[in-house]
Amino acid sequence: MYIRLKFYNRSPPFIPFNDYLVRSNMKILVVFLILLFISNSIVLSQIESLTEAGIQFSLPNKKWKLNVKDKNEDKLVYIYKREPITDSQQRKVVPNIAFIIEEVQDSTDIIIYSLNKRMNAPFEINQVFTHEGSNSKINLSYAIGYKGTYHDKSEIEHTVYVIHIINNNKGVQVILDMTSEVFVKYEKEFLKTMKSLHTIKN
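Residues numbered from 1 in each chain as written. Predicted model: local features only at pLDDT ≥ 70, side-chain atom pairs only at ≥ 80, totals over all residues. Heavy atoms only, no water.

A. How the structure looks around the sheet that holds strand β2 (residues 55-59). Read from one edge of the open sheet, 3 strands run β1-β2-β12, paired in antiparallel fashion. Single-partner strands in this sheet number two, and they are β1 (46-50) and β12 (198-199). Strand direction decides the pairing type here: β2 and β12, joined by 2 bridges, are antiparallel. Within the sheet, the bridge partner assigned to Q56 lies in β12 and is H198. Against the sheet, helix α3 (residues 180-196) touches β2 and β12, its axis set at about 155° to β2. (Pairing = 2+ DSSP bridges. Helix = DSSP H or I, 4+ residues; strand = E, 2+ residues; numbered from the N terminus. Contact = heavy atoms within 4.5 Å. Axes fitted to C-alpha atoms, helices over the stretch in contact; angles between N-to-C directions.)

B. Spatial organisation of helix α2 (residues 110-119). The set of residues buried in α2 consists of I110, Y113 and S114. All buried residues of α2 fall inside an arc of 95° around its axis, so they share one side. Set apart from the buried face of α2 by more than 90 degrees, the exposed residues are I111 and M119. Where α2 begins, the capping side chain belongs to D109, and its oxygen is found 2.9 Å from the backbone nitrogen of I111. (Buried < 20%, exposed > 50% of the residue type's maximum accessible area, 1.4 Å probe, protein only. Arc of directions from axis to C-beta. Polar contact = N/O pair within 3.5 Å; in protein donor to acceptor, adjacent residues only side chain to side chain.)

C. Focus on the nonpolar core. If you look at the biggest cluster of nonpolar residues, it comprises 31 residues, and the most contacted ones within it are Y80, F99, I163, I165 and F190. Elements represented by at least two residues in this core include exactly β2, β4 (75-82), β7 (96-103), β10 (157-167), β11 (170-179) and α3. Counting residues per element, this core draws most heavily on α3, at 5 residues. Leaving out residues up to four positions away in the same chain, I163 has contacts with I138, A143, I144, G145, V172, Q173, V174, L176, M194 and L197. Listed in part, the 9 residues of the second largest apolar core include V104, F123, Y146 and V160. (Core = buried A, V, L, I, M, F, W, Y, C linked by side-chain atoms within 4.5 Å.)

D. Representation of the pattern of salt bridges within the structure. Tallying each qualifying case throughout the model produces 8 salt bridges. Between D74 and K75 there is a salt bridge, with the nearest N and O atoms lying 3.7 Å from each other. Taking relative accessible area as the criterion, K75 reaches 26% and is therefore assigned partly exposed. Note that E102 is salt-bridged to K117, the shortest N-O span being 2.8 Å. With a gap of 15 residues between them, E102 in strand β7 and K117 in helix α2 connect regions that are remote in the sequence. (Salt bridge = Lys/Arg side-chain N within 4 Å of Asp/Glu carboxyl O.)

Below you can see the structure in the form of structure tokens.
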């Protein structure tokens, strides 16, 4: 008995050398873009340390820079400013994040400290929050936060977050301020920094 074997001459599809190079380069490009995205994500989270108060946090993105570091009597002031945001009236709005650090006694209670600061607060308080709760805006346990509004000299409404913190024998006021119009879109930048606040050892 004979078995007839039938062979098919099917060669693999021919890929021109130039096409091969293009495909290889595309793979390399994809890997490069992924690595670039990861590195940019790390850079975008700019970590800042306030060693005097033993506090560390992340700025929202690379549009934020330290603008002022000043000693005012018994207080140390850090002010971070964002690149301007153009509102619907073509005004250049510059959001601010400020830290005011001062000495406090070891026995200072956060509730009493915050209450004293609230009495001089030039804004209407709409919300109070702490680290507790599933929707908490901060992680610091020895801190109290407020959300409120006020009107500046030009009668433009601002929305602010104010956080009072006690750590390392320091009282800290964190003030995050921008006009209410741009706040609607850019609040997430404030929330990112607020959530990133944590204590560090000196």
